[in-house]
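One-letter residues, chain by chain:
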Amino acid sequence: MEQIPIIDLNFIKDYSKDSEEQWVSLGYEIRNVMGRIGFIQLINHGIPEDVVNSVFELNQKFFELPNATKIKFTKPNSMEMTSYYGYTKFGEETFGKEFGNRESFDWIEGHGVYPDEELPNFSVAIKLFHEHCKSVTKKLLRLFALGLGLEDVDFFVKRNKHWDDPDFTGMSNIRLAYYPKIQEANIPAGAVRIGEHTDFITVTLLFQDEAGGLEARNLNGDWIPVTPIKGGIVVNTGDLLEYWTSGIFQATPHRVVIPESELLKAMPRYSVVFFDGPEINATVTPLKISKTEEEEERIAKLGKTYPSDPVNAREHVFRKVKAAYAK
Ligand SMILES: O=C(O)CCC(=O)C(=O)O
Ligand SMILES: [Fe+2]
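Just so it is clear, the model here is predicted, and its values are computed rather than measured.

Asker: Got a minute to help me understand the environment of Trp107 in this structure?
Answerer: Looking at the secondary structure, you find Trp107 in strand S4 (residues 103-107). Sequence spacing of Trp107 and Ile174 is 67 residues, and the spatial spacing of their C-alpha atoms is 5.1 Å. Not counting residues within four places of it along the chain, the set of residues in contact with Trp107 comprises Tyr114, Phe122, Ile126, Lys127, His130, Asn173 and Ile174.

Here you go:
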């Protein structure tokens, strides 16, 4: 069975001090994997375990709150990036054959009202986690730039203007997702916890618990399990980056299926996801990067073609958001 490649960031700490060679060779490796599978598992990424655990605790506690309380935090408007925060109830956002087994809660820096009264420490813990996610993402964005041979190692980092300037609004958000335990009687045939989809923006950091069920579709159309690694982060790339790189980085379809084991079915599943993207008004112009022969072949086999026109980041992403909420 094909495995999702593991990428070790042990020697990737500080670009200005580390060996340039290490960064460049890892950058090439990531470029290759992201074009073939679009998923990696990161280890030795430097985010302390307790920082991640405290966000998982909030995840659990938030969804245990009474409905009347959760509803107070309902997402004000899913169609606007600046109000893409808050609670999404069962069945409101769906991909494919879902049966209303997931609730989620989104957080964006500088926007929204959060349950600090009900869950003291909520904002503090999420902000700390966010800082760590940003620093891992910054490393990844530099590795992407190096792998693509861009002259400016900070090419993608600089498009995240909202990271350093509060006058800009970003697309980055943190999502807490909860999938209740499965009650056999309620499952329609072929149903999944989250249906097949690709992520919308640039790069996703996904923290999953032990429940399993996450799968990525490889180029042959086979579903590959993304088996939980304790302390690891699943990383995948999204549609906007695929557009930006004309397919050198692929946005790989993925889903979460219902576990077969009775033991796992009886357990809820929690995940915490950080989606990164540029500031909302960034213009994304496909980069002119020569592809390797292998990349050309791969893309041709997929039957994909890519336009060379610039797109507005927000418009590109919101086409997909609309589709997910419109059903
Ligand atoms: O919960 C998961 O593991 C997957 C979530 C996901 O793919 C998403 O929210 O885009
Ligand atoms: Fe996803």
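Asker: Please clarify how the side chain of Gln41 should be interpreted in this entry.
Answerer: Following the sequence through the fold, Gln41 ends up in strand S2 (residues 39-43). Of the polar contacts made by the side chain of Gln41, one reaches the backbone oxygen of Thr227; its length is 2.8 Å. Contact partners of Gln41, with chain neighbours within four places excluded, come to Ile4, Pro5, Ile6, Ile7, Val226, Thr227, Ile229, Ile233 and Val234.

Asker: What should I look at first to understand the coordination of the iron ion (ligand 2) in this one?
Answerer: By definition of the ideal shapes, a tetrahedral metal site with four donors has angles of 109.5 degrees and an octahedral site with six donors has angles of 90 or 180 degrees. The coordination sphere of the iron ion (ligand 2), as far as protein atoms go, consists of His197 (NE2), Asp199 (OD) and His254 (NE2), spread over 2.1 to 2.2 Å. As a motif over one chain, the donors of the iron ion (ligand 2) read H-x1-D-x54-H. Placement of Asp199 in the loop between strand S6 (194-197) and strand S7 (203-208) and of His254 in strand S11 (residues 254-256) is noted, with a sequence separation of 55 residues between them. With respect to burial, Asp199 and His254 carry one shared label: buried.

Asker: For this particular structure, what's the right way to read the pairing of strand S10 (residues 233-237)?
Answerer: Consecutive side chains of a regular strand alternate in pointing toward one face of the sheet and then the other. Counted residue by residue, S10 has 5 buried out of 5 residues, so it is predominantly covered. Of the two faces of S10, the one holding Ile233, Val235 and Thr237 and the one holding Val234 and Asn236 are both buried throughout. Bridge count between S2 and S10: 4 bridges; the pairing is antiparallel. Bridging from a neighbouring strand, Gln41 pairs with Val234 of S10. Where S7 lies against S10, 4 bridges are found, and the strand directions are antiparallel. Bridging from a neighbouring strand, Leu205 pairs with Val235 of S10.

Asker: What's the story with the nonpolar core in this structure? I'm lost.
Answerer: One broad trend across soluble globular proteins is that nonpolar side chains are buried collectively. In terms of nonpolar packing, the biggest core is built from 96 residues, with Phe156 and Phe207 touching the most fellow members. It is helix H4 (residues 122-147) that contributes the most residues to this core, 12 residues altogether. In contact with Phe156, not counting residues within four places along its chain, are Leu141, Phe144, Ala145, Leu148, Leu150, Leu241, Trp244 and Leu287.

Asker: Would you mind showing me how to read the packing of aromatic side chains here?
Answerer: Applying the stated rule across the entire model yields 19 aromatic pairs. Geometrically, the ring pair formed by Phe95 and Phe200 is edge-to-face, given 6.3 Å between the ring centres and 70° between the ring planes. Taken as a pair, Phe95 in the loop between strand S3 (86-88) and S4 and Phe200 in the loop between S6 and S7 lie far apart in primary sequence, 105 residues in all. Given the relative accessible area of 12%, Phe200 is considered buried.

Asker: What should I look at first to understand the side chain of Asn173 in this one?
Answerer: Its place among the elements puts Asn173 in strand S5 (residues 173-179). What Asn173 contacts, discounting residues up to four positions off in sequence, is Tyr84, Asp106, Trp107, Ile108, Val273, Phe274 and Phe275.

Asker: What is the right way to read the environment of Gly195 from this model?
Answerer: Among the secondary structure elements, Gly195 is positioned in strand S6. Setting aside residues up to four positions removed in sequence, Gly195 forms contacts with Phe95, Glu98, His254 and Arg255.

Asker: Help me understand the pattern of salt bridges, please; the structure alone is not making it clear to me.
Answerer: Side-chain pairing between opposite charges can occur once the charged atoms of the two side chains come close. Applying the stated criterion across every chain, the model contains 15 salt bridges. With a closest N to O distance of 3.5 Å, Lys265 and Glu262 form a salt bridge. One end of the pair is Lys265 and the other is Glu262, both in helix H7 (residues 262-265) and 3 residues apart, which spans about a single turn. Assessed through its relative accessible area of 54%, Glu262 is described here as exposed. Three or more residues are tied together by salt bridges with common partners; here these are Lys75, Asp106 and Arg175.

Asker: Help me out: how do you make sense of the confidence of the model for the protein chain in this one?
Answerer: When pLDDT drops low, the exact placement of atoms in the prediction is not to be read closely. Summing up the model confidence of the protein chain, the mean pLDDT is 93 and the portion of residues at 70 or higher is 98%. Both scores are available for the predicted complex, with the pTM at 0.96 and the ipTM at 0.99.

Asker: Sorry if this is basic, but what is going on with the packing of helix H1 (residues 20-36) against helix H8 (residues 293-302) here?
Answerer: A pair of packed helices is captured by two measures, namely the crossing angle of their axes and the spacing between those axes. Viewed as axis vectors pointing N to C, H1 and H8 meet at an angle of 15°, and their least axial separation amounts to 10 Å. Taken as axis vectors, H1 and H8 run roughly parallel relative to one another. The chirality of how H1 crosses H8 is left-handed. Seen from H1, the contacting residues are Arg31, Asn32, Gly35 and Arg36; seen from H8, they are Glu294, Glu295 and Arg298. In the contact of H1 with H8, the residues fall into no nonpolar, 2 polar and 5 charged.

Asker: What's the story with the site of ligand 1 in this structure? I'm lost.
Answerer: As a structural note, the neighbourhood of ligand 1 is formed by Tyr179, Ile194, His197, Asp199, Leu206, His254, Val256, Arg269, Ser271 and Phe275. Residue Asp199 places a side-chain N or O atom 3.1 Å away from an oxygen atom belonging to ligand 1. Note that an oxygen atom of ligand 1 is positioned 2.7 Å from one of the side-chain N or O atoms of Ser271. Coverage of ligand 1 by the protein chains reaches 96% of its 290 Å² of free accessible surface. Mapped by element, the contributors of at least two residues to the shell around ligand 1 are S6, S11 and strand S12 (269-276). Among the elements that make up the shell around ligand 1, the one with the highest residue count is S12 (3 residues). A per-class count over the shell around ligand 1 returns 5 nonpolar, 3 polar and 2 charged.

Rules behind the numbers
- Residues numbered from 1 in each chain as written.
- Chains lettered and ligands numbered in written order.
- Predicted model: local features only at pLDDT ≥ 70, side-chain atom pairs only at ≥ 80, totals over all residues.
- Heavy atoms only, no water.
- Helix = DSSP H or I, 4+ residues; strand = E, 2+ residues; numbered from the N terminus.
- Contact = heavy atoms within 4.5 Å.
- Polar contact = N/O pair within 3.5 Å; in protein donor to acceptor, adjacent residues only side chain to side chain.
- Donors = N, O, S within 2.8 Å, 3.2 Å for Na, K, Ca; no water.
- Buried < 20%, exposed > 50% of the residue type's maximum accessible area, 1.4 Å probe, protein only.
- Pairing = 2+ DSSP bridges.
- Core = buried A, V, L, I, M, F, W, Y, C linked by side-chain atoms within 4.5 Å.
- Phe/Tyr/Trp six-rings, centres within 6.5 Å; stacked < 30°, edge-to-face > 60°.
- Salt bridge = Lys/Arg side-chain N within 4 Å of Asp/Glu carboxyl O.
- pLDDT = per-residue confidence, 0-100.
- Axes fitted to C-alpha atoms, helices over the stretch in contact; angles between N-to-C directions.
- Parallel < 35°, antiparallel > 145°, perpendicular 65-115°, else oblique.
- Left-handed = near helix turned anticlockwise from the far one by under 90°.
- Nonpolar A, V, L, I, M, F, W, Y, C, P; charged D, E, K, R; others polar.
- Near = heavy atom within 4 Å.
- Areas by Shrake-Rupley, 256 points an atom, 1.4 Å probe, with all protein chains shown as cover.

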